[in-house]
Each structure stands twice: as C-alpha cells, then as structure tokens.
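Overview (structure and organization)
Now for the letters of each chain:
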Amino acid sequence: MRPLEILLCVVNAAGLVALSVPPRGRLSDVRHLALLPALAAIAQLALEGYRWQMVPAYVLAGAIVLWRITRVSGPRWVRRVAVGLGVAVFAVSAAVPVAVPVFRFPAPEGPYAIGTVTYHWRDDDRREIFDADPAARRELMAQVWYPAQAGADAPNAPYISDSAAFAPSAGRLLGVPGFVFDHFDVVPTHATQMPPMASERPRYPVLVFVSGLNAFRQSNTFQVEQLVSRGFVVVGLDQPYTSAVTAFPDGRTIDGWSKERLVDVIQQSITPSDPAPSLGDVSLPDGLFPYLAGDISFALDQLAWLDTSDPHGLLTGRLDLERAGAFGVSLGAITVAQGCHADPRLKACLMMDAAMPANVVRDGLSQPSMWLTRDADSILLERSRSGGWPDHEIHETLSTQRATFAKSTPGQGYHIEIPGMFHMNYTDAPAWTRLAEQLAFSGPIGGRRGHEIVAAYSAAFFENTLAGKHSELLRGPPPWEEVRMDRR
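Cut-offs and rules
Residues numbered from 1 in each chain as written. Predicted model: local features only at pLDDT ≥ 70, side-chain atom pairs only at ≥ 80, totals over all residues. Heavy atoms only, no water. Pairing = 2+ DSSP bridges. Helix = DSSP H or I, 4+ residues; strand = E, 2+ residues; numbered from the N terminus. Axes fitted to C-alpha atoms, helices over the stretch in contact; angles between N-to-C directions. Contact = heavy atoms within 4.5 Å. Domains from an automatic or database assignment. Buried area = accessible area lost by both parts, 1.4 Å probe. Polar contact = N/O pair within 3.5 Å; in protein donor to acceptor, adjacent residues only side chain to side chain. Nonpolar A, V, L, I, M, F, W, Y, C, P; charged D, E, K, R; others polar. Core = buried A, V, L, I, M, F, W, Y, C linked by side-chain atoms within 4.5 Å. Buried < 20%, exposed > 50% of the residue type's maximum accessible area, 1.4 Å probe, protein only.

As annotated in an unreviewed UniProt entry, the protein is Carboxylic ester hydrolase from Mycolicibacterium elephantis DSM 44368.

Right under this line is the structure:
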C-alpha cells in the first residue's frame, strides 16, 4: 500500500473507534475524530490518485463521516451493529489493497540506470495477414529499455502507461473485469522516460523480447530491468492480434485474438498437417511462427535505422547489432526459436517454457541457446489447480525442447529445469498479487524465488554469449537445490 492509503486506513480505524464512544460523557469530544476520514480520503485521491482497490476504504470513510454529521441516534445495540458492520468493511478495505497492491519490482543488480522510449513501426513490405484487407500493412509498437545516464532529470516510467486501453482487453481475454488492471499505470518501474544513454561504453548489445499469447511488451519487466542494468538494450514488442492489445499513437487499438481462434495455425508450426490451415485467404503451410518471427527481423531492421538516425537522438550510434540476441516466453519463445532459425543476425537465443517449431527441432539452432523450463510433475500440478495443459501439449513442450537442445553446437547449449514453476512464473504475474499461488500465477517455488532464478540465468547467458563475461553460474552446479542444468 502507498503511504496515504495506509494513512486512510488508519484514520478510518480511528473514526470507527470514535463512533463507538457514547454521545455523552467525558469522552464524547473524541467523536469529532469521525470527521477526519473524509479529509484523508480527499488527500489520498488528490495526491496519490484513485485505484479500485481503495473503493471499500472510500465507502467506509464516507459512511463514518455521514454517521457523525447526521448524528444518528438509537439504542445501544444499533450503534454496536453499525460499528460491527464498519469493522467488517474496514477488514475488507485493508485486505483488498494488500492482496492486490501497487507492487514494486526488485532493485536491478547491475551498475546502470535504466531509460525507456517507445516507437511505432510500420512494415510497408509486409501484409497484415490477420486483416482481411490485402492492403493492410504490419505495424508494431516497440518499447526500448536502455542503459541510461545516472542522475538524469527525467520522469519515472510507469509499468503500463496506456492502461486505459490495456485494461479492458486484458480483462476480456482473462475473463475478469477490466478494472482489475487499471492501477498498472501507477505501478512504478526503475526506468525513467528518455534520459540520455549511459556514456560508459560506445555501444551496447541488443536483445529483442517477445511476450506470450495475449500478454504485453512489459510483461517481463522483472527480467528486462535486470538485463538492462547489466548493459543490454532490450526491445519489447507488442504484436497486433497476438498481444493482449496493441495501442497506436493515433488512438487505434487492436485487441488480441483468443487461443481458440489461433490454435490451428499455432499447432501447424509444431506438428504440421495437410491440408494447411489458413488465416483468411492466406495459407500457412508452416504455421503462424514464420510470420511472427518476421517481426523480430523487422525490429532488427528498424534498430539498424535507429542506430543511424534516431529521431529522438538517444540511440544513434549506440546499438551494437553485431551482438544481438532474442528471448521470449510461451508463444514468444516459439517465435524466438523460429526467428533464430531464420535470421543469422541473432547471435544468442533464450526460450522459456514452450514447444519448439518442427523445422527448428529438425535442424537445431546454430546459435548459443538456452531453454528455461520445468518438469512434467510441475505442469501436471498446475493443470490440477487451474486447468489447461492437455497431455499432448505437455509432451510436445518437453520433448521438442530436449530434442532441439540435443542438437546444440557443443559448448553452446543450456537446458535449465526449474521444478516448482508454473507457466506464469516466467512473467511478472506473481508480483501482481499476494494471492499468486492461490490463483496459480505461481507454483510452489514462489514468485520471488522463481524470478530470482530466471533473471540470474538470463543475465549469465547473455553476458557469456554477447558481452564476453564468463559466468560461474553456467559452469558449476546450480546454487539453487531444485534447479537441474544440462550443458552441451
């Protein structure tokens, strides 16, 4: 909870105590304290801003003040019932913002401050195959996080700046009210908006991040911030129709499609069948992922252009695209595998918790590659708690990762198995609520420990492959007792 939210709850409690004092007697003046909740609520709204989790506290503050102003009287039992109801509402008003807080990310461990800037890119050479109009072109929203000059005078960047567009779509896809995500625009990050780039190095290696189906470009901020603080530029993509929502600067929004609408073209990439499925009039014999992987290649093209002439003047001459990699989770991991198979500009690839495309399994990956995954028992436990994960998906996920890892170039493959992880453990989701384990956002490993392991292996892998820093984490036995690592 934020400071004034805590103050409001404290003042509400004091107001309830004041109302429990009899209207006559030496302590009757204490009842004037019941006027304070309204002032505290107004101050909190004015200085910190509204969020839905505080609605019970606002209602309670109003009820306390109304009771005091109207001087409702009656038998003692009436006051006791009223105070009892107030205590019940108070319990709810304190519990909800604690359960769904304005959360914070762990402090980045690297030496660099973090800056961020967002771009809108249009690929005039590629049709938007999700759109029935053959003239529609592919467009992306890209957020760049970069090592920044420490101490720069720049505003803090929120977790999601366009939550008004994001929240309704995310809620619809997840089957919850959209307002559940309204507060994401007041969740702080460690990034600031458009400060100067750090001057310690002439250029910085670049990583492209691709999120899962119906997720969003900021969905792995816990991981992104750790990487950027260690000297990497990270580019997160919102991909229309597979991201939860893509919001463009001109006000247009494109909602994500459900898994049910995409399952055939997704599955075609993993287990091809004949006849091939289509999106509208576009046949996809190799499934959806060659098209999605094209977004990564297009992002690399755009980054090369920014390195030549960034309109913001931030990245020009600072991007080391000779040291470029990619990482992704779930659908994004499949996209990254396909992108690394197709584009030799990617020099290192990290895939998290997803099956691999059939052609990647067949040929392997020539780049250094890491898989962060879990065991079958963890997936089955997740299924027992939240559904999903049919048997064929479990088998495909584990077997195709292993098969692709087995074809890694000696000395360049890492397979990290983390028992106790659930699928959402590979994203920020466990930080969203203290009920993460009850909602199956986190497995038994816990959100904080899972994030610690994922961030540590991500940083070690990319530092080893792209920054020339050899990590003992990739050589010795894992320091976490549950983790199992295989090397090629």
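The strand order across the open sheet formed by 11 strands is β3-β4-β1-β2-β6-β5-β11-β12-β13-β14-β15, and the pairing between neighbours is mixed. Looking at the sheet topology across the chains shown, the edges are occupied by β3 (156–158) and β15 (484–487). Each strand of the sheet is rotated relative to its neighbour by a mean of 25°, with strand direction disregarded. Across the face of the sheet, helix α9 (residues 331–342) comes into contact with β5 (204–210), β11 (319–329) and β12 (346–352) while running at roughly 155° to β12.

A few words on the domain arrangement of the protein. Looking at the protein, the domain boundaries give domain 1 (3–99) and domain 2 (113–487). Computed over C-alpha atoms only, the centres of domain 1 and domain 2 are separated by 45 Å. On the domain 2 side, the residues contacting the 5 residues of domain 1 number 8 residues. Summed over both partners, the interface of domain 1 with domain 2 comes to about 560 Å²; 61% of that surface belongs to carbon and sulfur atoms. Ranking the residues of domain 1 by area buried against domain 2 places Trp52, Val98 and Ala99 at the top, with a combined share of 72%. Viewed at the interface, domain 2 and domain 1 are joined by 6 residue pairs in polar contact (both at pLDDT 80 or more). Taken together, the residues that form the side of domain 1 that touches domain 2 break down as 3 nonpolar, 1 polar and 1 charged.

If you look at soluble globular proteins, the nonpolar side chains tend to sit buried side by side. Ranked by size, the top nonpolar core spans 64 residues in total, and within it Trp121, Phe130, Tyr146, Leu315 and Met351 carry the most contacts. Ranked by residue count, the leading element in this core is helix α8 (residues 289–309), at 9 residues. Leave out the neighbours within four places in its chain, and Phe130 touches Arg138, Pro240, Tyr241, Thr242, Trp257, Leu262, Leu279, Leu288 and Tyr291. Ranked by size, the runner-up nonpolar core spans 54 residues in total, among them Leu207, Phe222, Tyr414 and Leu474.

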